[in-house]
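Survey of secondary and tertiary structure
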Amino acid sequence: MKKVIFRGVGTAIITPMKETGEINYPVFRELLNRQADGGADAIVVAGTTGENATLDDEEHLELVEFAVKEIAGRIPVIAGAGSNNTAHAVWMSRECEKIGVDGLLHVTPYYNKTSQEGLYRHFRACAQATGLPVILYNVPSRTGVNILPETYRRLSEIDSIAGCKEASGNFSQIAGISALCGESLTIYTGNDDQITAALALGAQGVISVVGNLLPQETHDICQAYFDGNCEESKRLQVKYLELIEALFMDVNPIPVKQAMRAMGYDVGECRLPLCDMDDTKTERLLQVLRDYGLVG
């Protein structure tokens with residue numbers, strides 16, 4: 001069995017911005033410590049939720065380095081390093097390894113929409129570029145391409161490919177990955193509304209958006225299941241379902257950044273082309289936050 005990078009909740013942390021659009025590092029420090037001290041089992045930096053698509057390379061690496069230094073080994077730090085340009089993904093992987101991250105997250109190449117063989121060769125090149133464990137990230141709704149279970153099986157034979165963030169929302173696919181890969185690939189769901197169900201199919205946790213708001217509670221959904229208390233895990237999953245759904249009423253990370261602002265964290269707005277929701281959606285989000293006691 002390969003080493004498991006983490007079990008439980010890996011929070012895909014947001015990137016706070018100043019009004020000028022620059023990264024707000026004092027607030028980022030606050031968010032990182034809130035996660036590390038508040039129940040998160042890992043941190044994913046510069047992923048989709050961290051707006052990696054609008055970070056330039058210098059910002060991306062500065063953000064990752066800041067997180068590594070601030071977390072200081074308390075929990076694993078996993079860096080987004082993916083690209084639809086294999087050479088760039090390899091370069092970013094090596095740079096993140098120099099910084100000292102604990103693992104890498106590699107998304108499927110977007111827009112190019114490569115074949116399954118192309119996916120295999122891309123991820124193999126990324127995995128062989130460093131000595132770090134790699135988590136593959138499958139999110140067809142955003143990239144336009146799906147990693148099939150058989151391709152996962154081939155990739156799981158590569159020693160440094162340790163896991164996958166499966167955000168297809170397809171339970172049959174998760175079951176197929178579990179059946180074909182077994183202990184050679186750690187599965188994490190990328191869907192907060194499916195944590196308990198994914199755990200039942202062999203997943204070891206979630207790479208989470210709602211964890212930004214509720215790191216301990218999201219951890220508890222997983223831990224209850226690990227402890228054999230499936231009913232408690234299910235109860236918590238259902239309890240937070242409305243909140244989770246509210247965080248996806250618009251494109252991630254728009255709602256979660258607005259939610260964090262409403263909770264008193266000066267995280268700023270998303271960078272364009274993402275922008276705040278309209279008044280109707282914003283009021284709906286605020287009402288859900290009030291219902292959960294997260295804002296007054």
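Here is a short report on the structure shown in this document. Just so it is clear, the model here is predicted, and its values are computed rather than measured. Residue indices follow the written sequence of each chain, beginning from 1 at its first position. Whole-chain, interface and lining totals are the exception, using all residues; otherwise, since this is a predicted model, local features are given only for residues with pLDDT of at least 70 and side-chain atom pairs are given and counted only at 80 or more. Note: side-chain values were computed over all heavy atoms of the structure, leaving out hydrogens and water.

1. Looking at the layout of surface pockets
Estimated volume of the largest pocket: approximately 580 Å³. Put simply, the parts of the chain that give the lining of the largest pocket at least two residues each are α2 (57–71), α3 (86–99), β4 (103–107) and α5 (140–143). Helix and strand assignments come from DSSP, with helices taken as H or I runs of at least 4 residues and strands as E runs of at least 2, each series counted from the N terminus. Here the lining of the largest pocket takes three residues from β4, the largest share from any one element. The class makeup of the residues in the lining of the largest pocket is 13 nonpolar, twelve polar and four charged. Buried and open spaces are told apart on a 1 Å grid over the protein atoms alone, a cavity being a set of points where a 1.4 Å probe fits but cannot get out and a pocket being an open set with protein on both sides within 12 Å along at least five of seven lines. Residues with an atom within 4 Å of a point are the lining residues. Grid points are joined across faces, edges and corners, and a volume is the space filled by probe spheres set on the points. A volume near 330 Å³ is recorded for the second largest pocket. Under the scheme applied, nonpolar residues are Ala, Val, Leu, Ile, Met, Phe, Trp, Tyr, Cys and Pro; charged residues are Asp, Glu, Lys and Arg; polar residues are all the others, including Gly.

2. Remarks on the packing of helix α4 (residues 116–128) against helix α6 (residues 149–156)
To obtain an axis, a line is fitted to C-alpha atoms, over the contacting stretch when the element is a helix, and the angle between two such axes runs from 0 to 180 degrees between their N-to-C directions. Packing of α4 against α6 brings their axes to within 10 Å, and their N-to-C directions diverge by 25°. On the basis of the axis angle, α4 is roughly parallel to α6. Crossing of α4 over α6 shows right-handed handedness. Residue-level contacts link Q116, E117, Y120, F123 and R124 of α4 to T151, R154 and L155 of α6. Tallied by class, the residues present in the contact of α4 with α6 amount to three nonpolar, two polar and three charged. Here is the rule for angles: anything less than 35 degrees is roughly parallel, anything more than 145 is roughly antiparallel, 65 through 115 is roughly perpendicular, and the remaining ranges are oblique. Left-handed is the label given to a crossing in which the near helix is rotated counterclockwise from the far helix by less than a right angle, and right-handed is the label when the rotation is clockwise. Here, residues are in contact when the closest pair of their heavy atoms is within 4.5 Å.

3. Some thoughts on unusual backbone geometry
The step from N252 to P253 runs through a cis peptide bond, and the omega angle for that step is 10°. Cis geometry marks the peptide bond from L272 to P273; its omega dihedral reads 20°. With respect to the helices and strands, P273 occurs in the loop between α12 (254–262) and α13 (279–291). Its identity is not glycine, yet E51 carries a phi of approximately 60°, on the positive side. For E51, the location among the structural elements is in the loop between β2 (42–45) and α2. Positive phi, close to 55°, is recorded for K113, a residue that is not glycine. Positionally, K113 belongs in the loop between β4 and α4.

4. Examining the pattern of salt bridges
Salt bridges are counted wherever a side-chain nitrogen of Lys or Arg sits within 4 Å of a carboxyl oxygen of Asp or Glu. Taken as a whole and assessed by the stated rule, the structure comprises 16 salt bridges. One salt bridge in this structure joins E232 and R235, with 2.8 Å as the shortest N-O distance. Of this pair, E232 and R235 both sit in helix α10 (residues 230–239), separated by three residues, roughly a single helical turn. Burial classes follow relative accessibility: with a 1.4 Å probe on protein chains only, a residue under 20% of its type's maximum area counts as buried, one over 50% as exposed, and anything between as partly exposed. Using a relative accessible area of 44% as the deciding quantity, one classes R235 as partly exposed. One connected set of salt bridges, linked through shared partners, spans E117, R121 and R154.

5. Here we look at the packing of aromatic side chains
For Phe, Tyr and Trp, where Trp contributes only its six-membered ring, two rings pair if their centres lie within 6.5 Å, and the inter-plane angle classes them as stacked under 30 degrees, edge-to-face over 60, or tilted in between. For the coordinates displayed, the defined rule picks out four aromatic pairs. A ring pair is formed by F28 and F66, whose centres lie 5.9 Å apart and whose planes are at 35°; its orientation type is tilted. Taken together, the residues span a long stretch of sequence, with F28 in helix α1 (residues 25–37) and F66 in helix α2 at a distance of 38 residues. The buried category is assigned to F66, whose relative accessible area is 18%. When the centroid spacing of 6.0 Å and the interplanar angle of 25° are considered together, the rings of Y240 and Y292 count as stacked. In this pair, Y240 sits in the loop between α10 and α11 (241–246) while Y292 sits in the segment after α13, placing the two residues 52 residues apart along the sequence. Judged by relative accessible area, Y292 falls into the partly exposed class, the value being 22%. Counting every residue linked through ring pairs, the aromatic cluster contains Y25, F28 and F66. Lying across the ring of F226, R7 places its NZ or CZ 3.8 Å from the centre. Sitting over the face of the ring of Y120, R154 holds its NZ or CZ atom 3.8 Å from the ring centroid. Two conditions define a charge located above a ring, namely a distance within 6 Å from the ring centre to NZ of Lys or CZ of Arg, and an angle within 35 degrees of the ring normal.

6. A closer look at the side chain of T218
On the secondary structure map, T218 appears in helix α9 (residues 215–226). Among the polar contacts listed, one links the side chain of T218 to the backbone oxygen of L214, at a separation of 2.6 Å. Apart from the residues lying within four places of it in its own chain, the contact partners of T218 are V9, I195, V206, S208, V210 and G211. Pairing of N or O atoms within 3.5 Å defines a polar contact, subject to two protein rules: one partner must be a possible hydrogen donor and the other a possible acceptor, and residues neighboring in sequence count only if both atoms are side-chain atoms.

7. Let's talk about the pairing of strand β1 (residues 8–12)
Most of β1 sits inside the fold, with five of its five residues counted as buried. Judged from the four bridges that link them, β1 and strand β8 (residues 205–208) form a sheet pairing that is parallel. Its bridge partner being in β8, G10 is matched across the sheet by I207. Taken together, the three bridges between β1 and β2 define a ladder with parallel strand orientation. Paired with A12 across the two strands is V44, which belongs to β2. Look down the strands so they point away from you; if the path from the first strand over the helix to the second goes clockwise, the crossover is right-handed. With α1 bridging β1 and its parallel neighbour β2, the resulting β-α-β unit is right-handed. Here the rule is simple: two strands pair whenever DSSP picks up at least two bridges between them.

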